[in-house]
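Coordinates in review
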Amino acid sequence: MGEFDWGSIAGSLPFLMAGLSYTVQLTVIAAIGGTLWGILLALARLSSIAPLAWVAAAYVNLMRSVPLLLVIFWFYFLVPVMLQWASGAAYPPRIGADRSAYVTFILFEGAYFCEIVRAGIQSIPKGQLGAAYAIGLNYAQAMRLIILPQALRNMLPVLLTQTIVLFQDVSLVALLNVTDLVGAAGKIAQRDSRLVEMYTLVAVIYFVLSYALSLGVKVLNRRIAIIR
Amino acid sequence: MLDLGIFGEETPDGDTTWAMSLLSGLEYTLALVALSWIVAMVLGSLLGVLRTTNRRWVVALGDAWVELFRNIPLLVQFFLWYFVVPAFVPPLKRMALEMDPTRFQLLLSVVCLGLFTSARIAEQVKSGILSLPRGQRMAGYALGLTEAQTYRHVLLPMAFRIIIPPLTSESMNLVKNSAVAYSIGLAELFFRTREMGEMTFRYFAAFGAATVLYVVVAFAINRVFAWVERATAVPGYLGGKR
């Protein structure tokens, strides 16, 4: 195997950074989309309309009991079919794994964010909803103006921790040949036969970023704790 | 529309059907989960305990272990174990060349998943011990128990009961995470599923079957832990028998 070859690392940096930027972009969009989808799911699960609550619970439990890798491949096949059905086209549109991954991660992470949001909503005292109704707000207004702002602040640290998990989970798209950070490193590793250098470098980059983010969450946690 | 005949058809190499091929994958998945669960529980409990002692360097070592395994994606950890570690550990490299490849992949997968999960278990064990009132430890010492005896007879029996619910979800996560062993070519359930999809173009049948199998395994684990939780509940506590 010989010595660590730093030269091969320097030359591959631009390609790796392009991969990292895809990873970050997918993480951010899936976190935002997943949170919104998760809020809708949580409201559905807590709804008094029984079928709605039942369907949402089934969706969340199914998503949470299947390996992410399996879900990524499911959506890789399903998204073109869904788009064909939605647009009424004669053939399924060709969309790459890099784009179907956005749909996958929003729908998959939504199930995890749903449970966080549900716990957040349930941590709000009942009197808050009663007070909201008493001053004449309807259900939608009470949720939007009273319950969700408090719930979201309580669960912000957990949401961010889940986002760090998401940031790491995104690496699995590399197995569908997508050029995210791990995929980019893998491609260079194969081309230059530099697997040791590339995978070590990716591990270091991921470790530094995830660790820094988790320290950030800890600081935030302390600050929120002081406000209360 | 739903044609299950495909599962009875023979695979191209002719010695088995697709259903049996998937089940042989499931066998590897279960073996991998069982073995790495043992590794994770042993190491995780040890690390969790060490992190609650008052020896500063031991605590620091435990913390470093947890941060190391939590902040690198599982897929990258698999690549590290498979491609990077053997390059620096000559005995492992010799094993890679001499051992049966499937055995070697299983061994590395058990090590990788076991260590990855041990960091999570350690975190749960630590929080379980810390959730006990301070008086429990003090009472143990006051009775004249040593530190080890206090952990063995006073702290851990309660701490493990408290963390059964999070241990349940970590164990179910282990089943899901085992699919990533596909990345180093271990012929577990996901590997067989993909193989079936690629060779028969019956992706929906293959992935549907795998989804059902994974859900069944996760549910079975959930039920086993629910039984353990009921069987070990301490009377007089919330959730205990009256």
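For clarity, every value in this text was computed on a predicted model and none was experimentally measured.

Turning to the overall build of chain B, a few remarks are in order. Of regular secondary structure, chain B possesses ten helices and zero strands. The helix and strand sequence of chain B, counted from the amino end, reads α-α-α-α-α-α-α-α-α-α. Along the first, second and third principal axes, the C-alpha atoms of chain B reach 70 × 50 × 25 Å. A burial count over chain B gives 36% of its 242 residues as buried. For chain B, long-range pairs separated by at least 24 residues make up 73% of all intrachain contacts whose partners lie at least 6 apart in sequence.

Helix and strand counts for chain A come out as eight helices and zero strands. Scanning chain A from its N terminus toward the C terminus, one meets helices and strands in the order α-α-α-α-α-α-α-α. Dimensions along the principal axes, computed over C-alpha positions, put chain A at roughly 75 × 55 × 25 Å. Of all 228 residues assigned to chain A, the portion counted as buried reaches 39%. A sequence separation of at least 24 residues applies to 72% of the contacts in chain A between residues at least 6 apart.

Detailed reading of predicted coordinates is not advised where the pLDDT is low. Residues and elements named next belong to chain B. Taken as a whole, chain B shows an average pLDDT of 91; of its residues, 97% reach a score of 70 or greater. Per-residue pLDDT, averaged within each element of chain B, yields its smallest value for helix α4 (residues 90-98) (86) and its largest for helix α2 (residues 56-70) (95). Complex prediction metrics read pTM 0.90 and ipTM 0.89.

In this section: the interface of chain B and chain A. If you look at the interface, chain B gives 25 residues, while chain A gives 27 residues. Residue composition of the side of chain B that touches chain A, grouped by class: 20 nonpolar, three polar and two charged.

Formed by 116 residues in total, the largest nonpolar core has its most connected members in Leu69, Leu70, Ala185 and Val202 of chain A. Setting aside its immediate chain neighbours within four residues, Val202 of chain A contacts Leu181, Val182 and Ala185 of chain A together with Val76 of chain B.

Now for the packing of α2 of chain B against helix α5 (residues 101-130) of chain B. All names here are of chain B. Axis separation between α2 and α5 bottoms out at 8 Å; the angle between their running directions is 125°. Comparing their axes, α5 and α2 come out oblique. Here α2 and α5 pass one another in a crossing that is left-handed. Of the residues in α5, those touching α2 at Gly62, Trp65, Val66, Phe69 and Arg70 are Leu115, Phe116, Ala119, Ala122 and Glu123. When the residues that make up the contact of α2 with α5 are grouped by side-chain class, the tally is seven nonpolar, one polar and two charged.

Let's shift gears to the confidence of the model for chain A. Mean pLDDT over chain A stands at 89; residues scoring 70 or higher make up 96%. Averaged pLDDT values for the elements of chain A fall to 87 in helix α3 (residues 68-87) of chain A and rise to 94 in helix α2 (residues 50-64) of chain A.

Time to look at the packing of helix α3 (residues 74-88) of chain B against α4 of chain B. All names here are of chain B. Put simply, α3 and α4 touch, their axes get as near as 5 Å, and they point 125° apart. What the angle tells us is that α3 and α4 run oblique. Seen from above, α3 lies across α4 with left-handed handedness. Across the interface between the two elements, Val85, Pro86 and Ala87 from α3 touch Leu92, Lys93 and Ala96 from α4. Residues that form the contact of α3 with α4 fall into these classes: five nonpolar, no polar and one charged.

All names here are of chain B. Tracing the chain through its elements places Arg56 in helix α2. Assessed through the 8 C-beta atoms surrounding it within 10 Å, Arg56 is described here as exposed. As a C-alpha pair, Arg56 and Phe78 span 22 residues in sequence and 31 Å in three-dimensional space.

Residues and elements named next belong to chain A. Assignment of secondary structure puts Lys218 in helix α8 (residues 195-227). You can call Lys218 exposed: it has 12 C-beta atoms within 10 Å. As for Lys218 and Leu156, which are separated by 62 residues in sequence, their C-alpha atoms are 11 Å apart.

Our focus in this paragraph is unusual backbone geometry. Here the phi dihedral of Asn177 of chain A falls at roughly 70°; this positive angle occurs in a residue that is not glycine. With respect to the element layout, Asn177 of chain A can be found in the loop between α6 (139-169) and α7 (181-192). Residue Asn177 of chain A is classed as exposed on the basis of its C-beta count, with 12 C-beta atoms lying within 10 Å. At Phe201 of chain B, a position not held by glycine, the phi torsion is positive, near 60°. Of the residues examined, Phe201 of chain B has 10 C-beta atoms within 10 Å and is grouped as exposed.

The rules we used
- Residues numbered from 1 in each chain as written.
- Chains lettered and ligands numbered in written order.
- Predicted model: local features only at pLDDT ≥ 70, side-chain atom pairs only at ≥ 80, totals over all residues.
- Helix = DSSP H or I, 4+ residues; strand = E, 2+ residues; numbered from the N terminus.
- Buried ≥ 20, exposed ≤ 12 C-beta atoms within 10 Å, placed from the backbone.
- Contact = placed C-beta atoms within 7 Å.
- pLDDT = per-residue confidence, 0-100.
- Nonpolar A, V, L, I, M, F, W, Y, C, P; charged D, E, K, R; others polar.
- Core = buried A, V, L, I, M, F, W, Y, C linked by C-beta atoms within 7 Å.
- Axes fitted to C-alpha atoms, helices over the stretch in contact; angles between N-to-C directions.
- Parallel < 35°, antiparallel > 145°, perpendicular 65-115°, else oblique.
- Left-handed = near helix turned anticlockwise from the far one by under 90°.

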